[in-house]
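This is what each chain is made of:
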Amino acid sequence: MMETSKKQATMKKIKMNEIHSKKYIDNLKETTYKGEKVVFILPSGREY
């Protein structure tokens, strides 16, 4: 996982290099990035 620090109104874009389940991504958002606006960029290029 690599962090891309593009801030658009304090939003972080996190690029994922591996495929993970939605449950893992939601848990990651709640634990690691709590209180922050985060968008995960999946390996296919889609945003979650």
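Scroll up to find the structure this text is about.
None of these values were measured; they are calculated from a predicted model. (Residues numbered from 1 in each chain as written. Predicted model: local features only at pLDDT ≥ 70, side-chain atom pairs only at ≥ 80, totals over all residues. Heavy atoms only, no water.)

Asks: I'd like a rundown of the overall build of the protein, residues and numbers included.
Replies: Regarding its fold elements, the protein presents one helix and three strands. Helices and strands in the protein line up, N terminus first, as β-β-α-β. Contacts in the protein between residues at least 24 apart in sequence constitute 45% of all its contacts with a sequence separation of at least 6. When the accessible surface of the protein is summed, it comes to about 3900 Å², and 50% of that surface belongs to carbon and sulfur atoms. (Helix = DSSP H or I, 4+ residues; strand = E, 2+ residues; numbered from the N terminus. Contact = heavy atoms within 4.5 Å. Areas by Shrake-Rupley, 256 points an atom, 1.4 Å probe, with all protein chains shown as cover.)

Asks: Describe in detail the nonpolar core, supporting the description with residues and values.
Replies: By size, the foremost hydrophobic cluster in this structure holds seven residues: Ile14, Met16, Ile25, Leu28, Tyr33, Val38 and Phe40. Mapped by element, the contributors of at least two residues to this core are helix H1 (22-31) and strand S3 (37-41). With residues near it in sequence (within four places) discarded, Ile25 still touches Met16, His20, Phe40, Leu42 and Tyr48. (Core = buried A, V, L, I, M, F, W, Y, C linked by side-chain atoms within 4.5 Å. Buried < 20%, exposed > 50% of the residue type's maximum accessible area, 1.4 Å probe, protein only.)

Asks: If you had to explain the pairing of strand S2 (residues 11-15) to someone new, which residues and values would you point to?
Replies: In this sheet, S3 lies alongside S2 in parallel orientation, the contact comprising five bridges. Across the sheet, Ile14 pairs through a bridge with Phe40, a residue of S3. Running through H1, the crossover from S2 to the neighbouring parallel element S3 is right-handed. (Pairing = 2+ DSSP bridges. Right-handed = clockwise from strand over helix to strand, strands pointing away.)

In short, shape yes, function no, at least from these values alone.
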